[in-house]
Structures are given as C-alpha cells and as structure tokens.
Amino acid sequence: MTESKEKRNKAYWAANLRLIMITLCIWATVSYGFGMLLRPWLMGIHIGGADMGFWFAQQGSIYTFVCLIFFYAWKMNKLDKKFGLEE
Amino acid sequence: MSQFMINMLFVAGSFAIYTWIAIWARAKSTREFYIAGGEVHPVLNGMATAADWLSAASFISVAGLISVGYVNSSFILGWTGGYVLLATLLAPYLRRFGKYTVPDFVGSRYDSKTARLVAVVCLIMISLTYVIGQMTGAGVAFARFLEVSSTAGLIISAVVVFFYAVLGGMKGVTYTQVAQYVVLILAFTIPAIYLSLQMTGHFLPQVGFVGDFADSGQPLLHKLNDVVRDLGFQDYTADVENKWNMFLFTLTLMVGTAGLPHVIIRFFTVPKIADARWSAGWALVFIALFYTTAPPLAGMARLNLLESIYPGESTQEAMVYDDRPEWFLKWETTGLLTFEDKNNDGRIQYYNDKNATYVDTTAAERGWAGNELTINNDILVLALPEIGNMPGWIVGLMAAGGIAAALSTASGLLLAISSAVSHDLIKNTLYPNISDKAEMLAARISMVGAILIATWLGINPPGFAAQTVALAFGMAASSIFPTLMMGIFFKRINAKGAVAGMSTGALFTICYIFMYLGWFFIPGTNTFPNTPEFWIFGISPLSIGCIGALINFIVAISVSYATEQPSEEIQKMVESVRYP
C-alpha cells in the first residue's frame, strides 16, 4: 500500500468512527435518555395526550432510529465518494 | 359465505402465492442457495428482513405483552433499536467481507477452526430455540382460524416451508418473505386502523394514540388510565421503579437483535456495501410500520375489551354472564378466556385482585369476591376483529397474517441453521474438497434435516418453550455480537481471545439464566427463586445478556493482549473489510 493511500484510508476510517459516535449518541439519548432515565423530569412536556417520555418510549424513538440509519447511510455514501472508495 | 370458508380462502390464496414463488425462484448454485446470488434489491431485502424479524410471537403476542402499559416499553425499544447497531457496526462490513454465513466470517477473520465451530454451536443453539416458538406459533394460528388440530396445522406449514426453502434456498426464502411481509403488515394494520377510527376518529393509529377518546373527548391515554385505575390496575402510563433493570433489559434486546444470525445473513444478499446501508434503513421502515402500530393497538384493544366487560362505565356493573356476546363464547371454548363466578351474582367481575388496598376498599364495597375472568394476553389480537365488530374478511386476513409471520421467521431461521451445517461444518471443516454441486446437495439435505427437527420440536415442545426468548437474545448478545464487532473494529483481537470471549460470555449468560429459571430449564432445579429480591444487583435473568457481552469484550481483549498479534494477513483482511 502506498503512503498516500494509507493516509487516505486512515482519514476515512476516522471519519466513519466519528459518524458512528454521533449516531449512537443520538440513539442512546432518545431511547435510554428521553424514553427511560430522564422521563420523570420530562413529565411536564406533552405530545398530544402523552407525556414526552412515554411518547419517546413507545413511538418517538422508533422514528428517530429510522432517520438515524438513513442519515448514516447517506453520510457514508457521500464519504465513499469523497475518498474515492466507491465500489 | 361462512367465516371458516373466508379464512380458508385467505390462507389457501396466500399459500398459492408462496408456492408459485417457490417454483419461480429455484436456486441453481450455492451462491443462490446461500445469499440469493447477492442480487436482491435493497428495498426488497428490507421487506424480507422485516418479515424475517416479525415472528409469530410478535404478531400474536406483542400487543398483549405491551398492553400492560409503559412498563413493557423495553420490547418496543429493544426490537427496533438493535437495527441502528446493525446498520452502523455490522451490516456494511459483513457485506464487504462477501461470504455466506456468520461463522464463515468468524472462522476467516480469526483464522481458526475452533472459533468457527464455537460460532456454529452458538448459532445452532440460538436459532433452534427460536424456531420452536415459530413452529408452535404456526400451529396455533392454524388451530385458531382453520379449526384443524395444531399438529396438523404445523405439518401443513412444514410442508409449505419445505417446498420453497429446499428448492429455492435463500432465493426462495427471500421472495416469499417479501410476499409474507405484505400479507402480515396488512393483517396487522387494517384492524388497527379500524379500531382507531372507532375509538378516536383518527385514521392513523399512531395519531389516535395521542389523540382524544371519541366518546368522552378526553385524551385516550387519560381515559385508559382512569379505566384501569377504577379496576385496581396500575396506571397505563405509570413510571417504572427499577429503571436499572429496564435499561439492561432493553440493551440486551437491542444487542441481541443485532447479533441474531438469521437477521445478519439477510444483509449478505444485496449487491453492494452502499445497498447494505440503505437496506438496513428500509428494513427498519417496514419494521417501524409494525412497531409504531403495536402500542396504539395494545392500548385501544385493552380499553375496548374493558369497555365490553363493563358496558356502562368501569365504576358500574359488569356484564351479565348469561348475556355474554358470541366472541366470548367462542374464545371460552379455546380456554384463552375462563370465567368463574366467585360471588355468585352472575356477572363477570374483572379486576386486579392482587392489589391489596383495592381489594379491601373498592372491591369489598362492591361485593366482589375475587377476579372472575382470566384473560390470555393473546386474546387482544386474536379476538380483536370480533370484539370490534369488524367484517369477516378482516378475520380471514388475520389468519393468513399470523401464519405468514410464523412461516417467514421459521424459514429464515432454518436457512441460517442449514447453511451453518452445510457450509461451515461440511464444506469448511470436514470435507473441504467437495464440489459446488455436492455442497448444494448437502445444503438441501441439511435443510430437510432442520425442518424435520423443528417440526418434531414444534409438536413436542420442551417445557421451556416460553423461556427460549431469554436464552436466544441472551446468547446472541453475549456471544455473536461482540465477536463480530471486535472482528471489525479491533485489529488486535486474535483467535484465542475470540474463542475465550465467546465461550465465557455465553456460559456466564446461560448459567445466570439457569440459576433463576431452572438448570436446563428443568422446573424446580433453580438455585434462587426468580423474584426481584433474589436478583444479583437487581438484574433479572432476561436482562443478563448485555452483561455477558461486556464479559465477552473484557475477556477477549485481555487474552488477546496477553498473547501474540494476529498475522499480517489477518490484519490486512480486517483493513479490507473497513474500506469499500
């Protein structure tokens, strides 16, 4: 492997890891945070007839998960292009 | 036309479609048999993954399970959130690796036959325990809707699966799963929409759930809280005391989901890495359609059931037993509903008689002598069309949907088992020199064997069938997921580390489960009673998988750093998996 290629691969992997970290932080915040551990503090906020924690535990987290996976796929595919690593 | 004929038509019609697909999608090479040629469109693979994932238990039991209220939210979060882990940590890289099975990756990455065999053992234990529930589920669906014995129903299902799975392998399984997804999602969402319109006036159950109850104008969830409180139950939206255990349980379900082999192999079937990423998103879209509908359905169906037992208000008199409606009669004969008139007033008092304060106050004042109605949770979905006075074709659709959910998951599991046997045991361990043609024959014979074993286990389910979910998710979380993830993200992990990690993680998890649920699930052999006071650090046996995963990580990393580096070649291979 040439040196520039190795450098490029390292940068690509670092960018991927950063993106995974961001994705998983949001993943944990909506499900374990809003939906579970922070629920007692969010009781005052309502989404329709549900309190925010309840809504995130039974509805909101799932919508967020879907968005997160598409966001990750879109960003990674762009990253592939930027680094010239498309199949 | 009688209801029986309508149900027959729907089930036979769906079977005709599956059979037609089986003939159309015959596999001609091992590549087609194991990964459908690697040519499945990402959206179709997403649908097939959703059908693979949504099992008989999800279809029939999940709504009942979560109708207890907020306390059971873990199931909803756990069975969807795992896909984020799968999409970011496993699917694209395993697709890049480009082989056929999960143990195949483990064996090549760690360059070790032992690691491959340990992975095969874990995979078979996970998938076999999981498939028992699917086969019994198919039997139950048949028995409920088509009035045949569940054994006959089970054998009919096995024959249909045999047809498309043995002929078509992954290719046949994939395209039938797409059809099965369509059937099952229609069967699940149409009654939910119907119910939502009746109770809240909203077309989308997801909107109706946070909307107002049509009869009283107050928010549906408040109405639900009022009604269940009137009967001594815990509030529907009540918070959970032991958040620690809820956290661990959800994490175990999420990590376990990402580590289930029959789900992982679905991502081997798409053409490119970019497709694997998109496909995970589509899979979750189709799964989300189901899992965002389930909570509103659960809440509304529970309210609907309570309203029909207490036709006035929950504070007024209960239904008279002699005037019980037809659906009540029908489900009484199945034993899923049982009534015992404890205070001899001829009315059906249904309430929480385990709530001591309620029993001493309200129940005593009303002259109640104990809860008189035992309701199996599955009733909420199975009897939904009848309790809600829905048209006959909806019942027929639900029959086809329940069976589709069972068959699609069963076939995915059977494929994971048979490919691990033919590819990892026969081709890569015992007879490395067999031809492609011979391997395909081996794959087909393994599939026949797997179907026969699964059918036998379905007819004679071991007593522990109900506990298997704990075992399957605990095992997948503690053995498969960490080993795959470290294989991609930590170059330094070697074969010794992986084998030690997998074995200790899985053994620890199994032992903890056995300690509370009985050794080898034999009743009465448990070391401690399975109640919160006896759980170590408040961790229930269902939640232990993620601790097992942590142990796997720690052991694998420690052992790897204490022993030699993986070879240059292996390190290059890990590199290659990371870059498209």
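Criteria and thresholds
Residues numbered from 1 in each chain as written. Chains lettered and ligands numbered in written order. Predicted model: local features only at pLDDT ≥ 70, side-chain atom pairs only at ≥ 80, totals over all residues. Helix = DSSP H or I, 4+ residues; strand = E, 2+ residues; numbered from the N terminus. Rg over C-alpha atoms; globule rule 2.2 N^0.38 Å. Buried ≥ 20, exposed ≤ 12 C-beta atoms within 10 Å, placed from the backbone. Contact = placed C-beta atoms within 7 Å. Nonpolar A, V, L, I, M, F, W, Y, C, P; charged D, E, K, R; others polar. pLDDT = per-residue confidence, 0-100. Axes fitted to C-alpha atoms, helices over the stretch in contact; angles between N-to-C directions. Parallel < 35°, antiparallel > 145°, perpendicular 65-115°, else oblique. Left-handed = near helix turned anticlockwise from the far one by under 90°.

Of regular secondary structure, chain A possesses 2 helices and 2 strands. Of the regular secondary structure in chain A, the N- to C-terminal order runs α-β-β-α. In terms of overall size, chain A is more extended than a compact globule, its C-alpha atoms giving a radius of gyration of 18 Å where 87 residues would be expected to give roughly 12 Å. The principal-axis extents of the C-alpha atoms in chain A amount to approximately 60 × 20 × 15 Å. Per-residue burial for chain A yields a buried fraction of 38% across its 87 residues. Here the contacts in chain A between residues at least 6 apart in sequence split such that 52% fall between residues at least 24 apart.

Below, the discussion takes up the overall build of chain B. A count of helices and strands for chain B gives 24 helices and 2 strands. Counting across all 580 residues of chain B, residues that qualify as buried make up 57%. Here the analysis covers contacts within chain B between residues at least 6 apart in sequence; of these, 82% occur between residues at least 24 apart.

What follows deals with the interface of chain A and chain B. Tallying the contact residues gives 39 residues for chain A and 39 residues for chain B. Listed by contribution, the elements that provide at least two residues to the side of chain A that touches chain B are α1 (3-37), β2 (50-51) and α2 (52-82) of chain A. By residue number, the principal contributor to the side of chain A that touches chain B is α2 of chain A, which donates 17 residues. Split by residue class, the side of chain A that touches chain B holds 24 nonpolar, 10 polar and 5 charged.

Residues and elements named next belong to chain B. A positive phi is found at Ala36, a non-glycine position, where the angle reads about 55°. Look at Ala36 and you get buried, because 26 C-beta atoms sit within 10 Å. The phi dihedral of Asp111 falls on the positive side, at around 45°, and the residue is not glycine. Mapped onto the secondary structure, Asp111 falls in the loop between α6 (102-109) and α7 (113-146). Among the residues examined, Asp111 registers 15 C-beta atoms within 10 Å and is labelled partly exposed.

This brings us to the environment of Ala356 of chain B. Residue and element names in this part refer to chain B. With respect to the helices and strands, Ala356 occurs in helix α16 (residues 356-365). With 9 C-beta atoms packed within 10 Å, Ala356 lands in the exposed category. Through-space distance from the C-alpha of Ala356 to that of Gly232 is 9.1 Å; in sequence the pair is 124 residues apart.

Residue and element names in this part refer to chain B. Chain-level pLDDT for chain B is 88 on average; 99% of the residues reach the 70-or-more range. By mean pLDDT, the top-scoring element of chain B is helix α23 (residues 545-562) (96), and the lowest-scoring one is helix α15 (residues 326-333) (84). This complex was scored by the predictor with a pTM of 0.92 and an ipTM of 0.95.

With that settled, consider the packing of helix α5 (residues 73-97) of chain B against helix α11 (residues 243-258) of chain B. Residues and elements named next belong to chain B. Following both chains from N to C, one finds α5 and α11 inclined at 45°, their axes separated by 7 Å at the closest point. Between α5 and α11, the angle falls in the class oblique. The way α5 lies across α11 gives a crossing that is right-handed. Across the interface between the two elements, Ser74, Phe75, Leu77, Gly78, Trp79, Gly81, Gly82, Leu85, Leu86 and Leu90 from α5 touch Met246, Phe249, Thr250, Leu253, Met254, Val255, Thr257 and Ala258 from α11. For the contact of α5 with α11, the residue count by class is 12 nonpolar, 6 polar and no charged.

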